Amino acid sequence: MAFHTSVGDIPLTPTTLTLEPVEDAPLQQFIPTANYGSATELPLSTYLGRNSRGIFRFDLSVFAEVGFVSAAVFSLWYDSWLQNNPVGEFIEVLPVTSKDWTELGVTWNSRVEPSFPWITPGGDYTVFLSQNNTIPSAVGQRIQFPITEYVNRLLSLGDFSCELLVKFRVEDQAARKTAVFRLREYLDPAFRPRLIIG
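Computed from a prediction, not measured in an experiment: that's the story for all the values here. (Residues numbered from 1 in each chain as written. Predicted model: local features only at pLDDT ≥ 70, side-chain atom pairs only at ≥ 80, totals over all residues. Heavy atoms only, no water.)

1. Some remarks on the overall build of the protein chain
Assigned secondary structure in the protein chain consists of 1 helix and 15 strands. With the principal axes as the frame, the protein chain shows a C-alpha extent of 60 × 40 × 30 Å. Counting the 198 residues in the protein chain, one finds 46% classified as buried. Expressed as a percentage of contacts within the protein chain between residues at least 6 apart in sequence, the contacts between residues at least 24 apart total 79%. For the protein chain, the exposed area adds up to about 9,100 Å²; of that, 55% sits on carbon and sulfur atoms. One finds the centroid of the 15 positive side-chain charges in the protein chain at a distance of 6 Å from the centroid of its 21 negative side-chain charges. (Helix = DSSP H or I, 4+ residues; strand = E, 2+ residues; numbered from the N terminus. Buried < 20%, exposed > 50% of the residue type's maximum accessible area, 1.4 Å probe, protein only. Contact = heavy atoms within 4.5 Å. Areas by Shrake-Rupley, 256 points an atom, 1.4 Å probe, with all protein chains shown as cover. Lys, Arg positive; Asp, Glu negative; His and termini not counted. Charge placed at Lys NZ, Arg CZ, Asp CG, Glu CD.)

2. Some words on the pairing of strand β15 (residues 194–197)
Of the pairings in the sheet, the one linking strand β3 (residues 17–19) to β15 comprises 3 bridges and is antiparallel in character. Bridging from a neighbouring strand, leucine 17 pairs with isoleucine 197 of β15. Pairing of strand β7 (residues 72–83) with β15, which is carried by 4 bridges, proceeds in the antiparallel orientation. Residue pairing for β15: serine 75 is matched across the bridge by arginine 194. (Pairing = 2+ DSSP bridges.)

3. Considerations on helix α1 (residues 148–156)
All of the buried residues in α1 are Tyr150, Val151, Asn152, Leu154 and Leu155. Considering only its buried residues, α1 is in contact with β7, β8 (90–95), β13 (161–168) and β15.

Right, here's the structure in full:
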């Protein structure tokens, strides 16, 4: 996959660019006013009243003059699971609609705790242009979500902040299931979240 740029009338060769989040954080329903912006892992969970989600922000300003990409893939490293194996469960990636959250202020209840609550606790999002994928049977691999249409929509609007909320499609399950993913603060960059643009 590749995007094409030019300098004057001289076309540049196709390029693939990998971005890391500029901000990310887990959101924990059980402790709804706690911020976990410095966490290195995202324990994504589905459980009665104790769901957890993840929120991510990528800076697309490098594409301001390009205006279009041929492919965009959001990628998370699936490290391990806890409690009950979540194999086969659907994970959703949804565009965030309230985009003024901060990594060190965001909580389950608020964009910035405590002054700026979400409209809906757990993060405001839209299902429009959302994507999903299933959790594989084996850990130690990447789970990928194609979000090309969403990225191109942002670029067409001059919005260079790609913000994503990640959650189990079916939450509040009676048997707790947790999939553990790496976040941008993780020491080894090979396992951090990525947005691969082509």
